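Structural features, examined
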Amino acid sequence: MMILNCPLMVSVSNSYYKLSEAFLGISTFTLLYSMLLILKLIEIWLQDVESSRSFMDDIYSVETEKCLSALIQLKNSVIGSNKQKGNAIQQGVIPRLTQLLGDYEQPIDIRNETVIILGSLAKGTEDHIKELIKSDIVPLLLNCILSAEDNKFSENCLRCICSVFKSPSAPVHLIFQDQSIIAHLLSLIMYSISNQISITVILSTSIKTQKHQTMMWDEGAVFSLAALLSSHHTAVLMPTLSCLATLCHKNKPVAASVATASFGGKSVPDLLVTLMSRDKPTEMQLASAKCITYLYRADALSAEDPKILYKTLPILVYLCQDIYPWQERVEAAETLAYLTEVNVELQRLASISNHLITVLTTFVNYKGDSSLPIVKSEEIRKELVQAAFRVFASLGSNDEDIRKKIIESENLVHHIVNALDDSSTKVKLAAIRCLHSLSRSVQQLRTTFHDHSVWKPLMRLLENASDDILTVTSSTLCNLLLEFSPSKEPIVEAGAVDLLCNLTRRTDSALRLNGIWALMNMAFQAEQKIKTLILNNLGIDHIFRLLNDTEVNVVMKTLGLLRNLLCTKPHIDYIMNLHGSEIIKGVTMILDANHSSEVKEQALCILANIGDGDTAKDFIMNNDDILKKLQEYMTHHNVKLQVAAIFCISNLVWKEESGSTERQAKLKELGVVRLLQQLYVTNNTTLFDKVKTAMTQFSDP
């Protein structure tokens, strides 16, 4: 077909063709003719190269007209052709273009043509954009915009930056290097539709931190974006919605400002609801729903707001259906997961809306698309699975009935367990979060989790995984180590103590917390050998360090661990005989420090447990400082601390235990009975009962 359509073939007469064929034979003729064709093509190519070399040379000309003409030819050559873009870059044209662009003495026509060419190159491949970035094109363009007097030139510069910023390699941080850049960009936003598109893309791509959000807010970005929400152009609305969502994400002050801003007599939330109408493109509905979701999660809207209940949630659920493109389904599901993550009523409403759980099961069961390459199908599968697991994790975080529905979905647990070994970290993390949510069910821990031996892959993940995976995995193991979980024993036997003790030594406070929390659960009603194993691996010195941790939750769970270790008389006496002095020292430190009443209550409960031992009691009775503190907390203004202190006194003087008479006598001498008598007048029934119990243990005076 190439030969028949070639202009050269047309010039050959039919008679010549037939004659040649007759004398030379078909094969010989074809060979000769092909050679002639190749020579002609080479001739044409050499002409093109010579022509190209000619205008490329003229780009370096000092003559304005010649340079401008050459730039126009180059522009026409590279527009729409990645091959020509590559050729131009290989010929080293970028340095000359940046020189022309940065030369303020050049005529505006030349600088305009130059930036248009650079913008075209930026629309090429990732490698083309990287070459531009290496030439420091972004700071140059920003300087051009800041100093430009020609609006069309600024518009072209903005288009070029917009194209560059679509690359993950782009130096987006440069936008927020100076407040004046933000102010200037926002001052240009209403000049043209092109500016509106470019600037919103640039800003939404560049916002990475709360500081960036605040800089935008300070320059009045909220009001500019509110005005753009009334645009009739989809090309403007989509990046505007993206920018608005990024601006208020997890930023309460900015979100509050967005929620109260208005344009044309309509508030921003109302404008967003308008854009969620069913006559709008689905990607616009989705982007608007994301904005409302972020406003809600930043406390700018309530969960009971009709915009959430009757618009945002239903649209997100509806867009999860398989009639929509997979990208939209994934984004809808992930936004829905974020919307419902912290509110029980939204979780319940979503779970019964439009067969959502069944629809999400189709995400997990995605088998691929035969019309797509295998690699692409696998990419889609991972995205869908990850999104489904995230929604399941949110929906099942509080309600037992919802968890039951999720668990009963076809082969779901099997898919989750398999996903724990997925090559994608995101899929793996989503699967663990889903398990963590479902593991809050006592029933599922006793049945499904045990039947599928979920603990095995989780234990493997603890051995060498990234911190984010370790955090969620260890949180899940905390639940699997609860006393009623049948997985507790095999987890302990598989070496969990070593792994968890190692977590308590990590610099990440979340890992330390989960490690000590899991050990606390493991120690509850455990055999002495397990408690001894925990103590030996953790070490009393490290326990003391954890009691000094900067994170109060770590301190609380360490106290909880000690409380569970010091439980049942033989265990209490055994552990106190080994480490009694250090434990008393740690408890005293907590009571002396500036801790909350919740923390100090845990410390007093440990003393109460120690007081329940046979020989361990002596560590309290022989410590005048501790006895004095017990008396102080008996009259504390916090009732819980009073109750804990009096509970300890009751254990110390229990009549039926050996040596109770001597202990009662000492405490009477210290004035404990007098304090108890004063507390009889309390109106708190719990405190009254504890006082009454303690008083009945003392022998008659």
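Data block above holds the structure.
These remarks concern the structure in this document. (Residues numbered from 1 in each chain as written. Predicted model: local features only at pLDDT ≥ 70, side-chain atom pairs only at ≥ 80, totals over all residues. Heavy atoms only, no water.)

What follows is about the overall build of the protein. For the protein, the helix and strand inventory stands at 44 helices and 2 strands. Since a compact globule built from 701 residues should have a radius of gyration of about 27 Å, the 37 Å found for the protein marks it as more spread out than a globular shape. Relative to its full complement of 701 residues, the protein shows a buried share of 52%. Within the protein, residue pairs in contact and separated by at least 24 positions form 68% of the contacts whose partners lie at least 6 positions apart. For the protein, the exposed surface amounts to about 32700 Å²; the carbon and sulfur share of it is 52%. When the 66 positive and 75 negative side-chain charges of the protein are each reduced to one mean point, those points stand 3 Å apart. (Helix = DSSP H or I, 4+ residues; strand = E, 2+ residues; numbered from the N terminus. Rg over C-alpha atoms; globule rule 2.2 N^0.38 Å. Buried < 20%, exposed > 50% of the residue type's maximum accessible area, 1.4 Å probe, protein only. Contact = heavy atoms within 4.5 Å. Areas by Shrake-Rupley, 256 points an atom, 1.4 Å probe, with all protein chains shown as cover. Lys, Arg positive; Asp, Glu negative; His and termini not counted. Charge placed at Lys NZ, Arg CZ, Asp CG, Glu CD.)

Which parts of space are left empty comes out when a probe the size of a water molecule is rolled across the atoms. Approximately 590 Å³ is the volume found for the largest pocket. Lining the largest pocket are 18 residues, and of these A337, Y338, E341, R390 and S394 sit closest to its centre. Broken down by element, the residue count for the lining of the largest pocket peaks at 5 residues, all from helix α20 (residues 326-340). Per-class residue counts for the lining of the largest pocket are 4 nonpolar, 6 polar and 8 charged. (1 Å grid on protein atoms, 1.4 Å probe; cavity = no way out; pocket = protein on both sides within 12 Å on 5 of 7 lines; lining within 4 Å. Points joined across faces, edges and corners; volume = space filled by probe spheres on them. Nonpolar A, V, L, I, M, F, W, Y, C, P; charged D, E, K, R; others polar.)

Relative to each other, helix α7 (residues 108-122) and helix α8 (residues 126-134) sit at 135°, their axes nearing to 8 Å. One element, α7, and the other, α8, form an angle in the oblique class. The residues of α8 that touch α7, namely those facing L118, L121 and A122, are H128, I129 and L132. (Axes fitted to C-alpha atoms, helices over the stretch in contact; angles between N-to-C directions. Parallel < 35°, antiparallel > 145°, perpendicular 65-115°, else oblique.)

Attention now moves to the environment of L477. On the secondary structure map, L477 appears in helix α30 (residues 467-480). By relative accessible area, which is 1% here, L477 ends up buried. A sequence separation of 296 residues divides L477 from I181, and the C-alpha atoms of the two residues are 49 Å apart. When neighbours within four sequence positions are excluded, L477 is seen to be in contact with L458, M459, L462 and I491.

Looking now at empty space enclosed by the protein. Considering all chains together, one arrives at 1 cavity of 30 Å³ or more under this definition. The volume enclosed by the largest cavity comes to roughly 40 Å³. As for the largest cavity, its lining consists of I540, I543, F544, L547, L562, E582, I583 and G586. Here the lining of the largest cavity takes 4 residues from helix α35 (residues 540-547), the largest share from any one element.

Burial within helix α22 (residues 356-364) is extensive, with 7 of its 9 residues counted as buried. Along α22, the positions that sit buried rather than exposed are L356, I357, V359, L360, T361, F363 and V364. At its buried positions, α22 is contacted by α19 (306-318), α20, α21 (344-351), α23 (374-395), α24 (400-407) and α25 (412-419).

This next bit is on the packing of aromatic side chains. In this structure the tally under the stated criterion is 3 aromatic pairs. A centroid spacing of 5.7 Å and a plane angle of 85° characterise the contact between Y294 and Y338, whose relative ring orientation is edge-to-face. Residue Y294 is located in helix α18 (residues 282-297), and its partner Y338 is located in helix α20; the two are separated by 44 residues in the primary sequence. Of the two residues examined, Y294 and Y338, each falls in the buried class. Of note, R111 hangs over the ring of Y104, and the distance from its end group to the ring centre comes to 4.7 Å. In this structure, K557 packs its charged tip against the face of W517, placed 4.1 Å from the ring centre. (Phe/Tyr/Trp six-rings, centres within 6.5 Å; stacked < 30°, edge-to-face > 60°. Lys NZ or Arg CZ within 6 Å of the ring centre and 35° of its normal.)

What follows covers the pattern of salt bridges. Per the stated rule, a full pass over the model turns up 30 salt bridges. Residues R159 and E155 are paired through a salt bridge, measuring 3.4 Å at the closest nitrogen-oxygen approach. Taken together, the residues span about one helical turn, with R159 and E155 both in helix α10 (residues 151-164) at a distance of 4 residues. D592 is the salt-bridge partner of K629, the closest N and O atoms lying 2.3 Å from each other. In this pair, K629 is assigned in helix α40 (residues 624-634) and D592 in helix α37 (residues 569-592), connecting sequence segments 37 residues apart. Look at D592 and you get partly exposed, because its relative accessible area is 49%. If you follow the salt bridges from partner to partner, you end up with K569, D612, D614, K617 and E657 in one network. (Salt bridge = Lys/Arg side-chain N within 4 Å of Asp/Glu carboxyl O.)

As a further point, take the nonpolar core. In terms of nonpolar packing, the biggest core is built from 235 residues, with F389, F392, M522, L607, I610 and L630 touching the most fellow members. The element that contributes the greatest number of residues to this core is α23, accounting for 10 residues. Setting aside residues up to four positions removed in sequence, F392 forms contacts with I357, L360, T361, V364, I406, L412, C434 and S437. (Core = buried A, V, L, I, M, F, W, Y, C linked by side-chain atoms within 4.5 Å.)

Over its 16 residues, α18 extends 22 Å from the first C-alpha to the last, a length consistent with the 22 Å expected when each residue adds 1.5 Å. In terms of residue burial, α18 counts as a mostly covered element, since 13 of its 16 residues are buried. D299, located one to two residues past α18, shows a positive phi value of around 65°. (Expected span 1.5 Å × (residues − 1).)

It is worth spelling out the packing of helix α34 (residues 528-538) against α37 at this point. Helix packing geometry: the angle between the two helix axes and the distance between the axes. The contact between α34 and α37 brings their axes to 11 Å, and the two run at 25°. One way to sum up the angle between α34 and α37 is to call them roughly parallel. Judged by the twist between their axes, the crossing of α34 over α37 is right-handed. Where α34 approaches α37, its residues Q528, K531, T532 and L535 are matched on the opposing element by P570, H571, Y574, I575 and H579. (Left-handed = near helix turned anticlockwise from the far one by under 90°.)

Take the side chain of S475 next. Of note, S475 is situated in helix α30. Judged by relative accessible area, S475 falls into the buried class, the value being 16%. Within the structure, the side chain of S475 is placed 2.9 Å from the backbone oxygen of T471, a separation counted as a polar contact. Those residues in contact with S475, other than ones at most four positions away along the chain, are H436 and N514. (Polar contact = N/O pair within 3.5 Å; in protein donor to acceptor, adjacent residues only side chain to side chain.)

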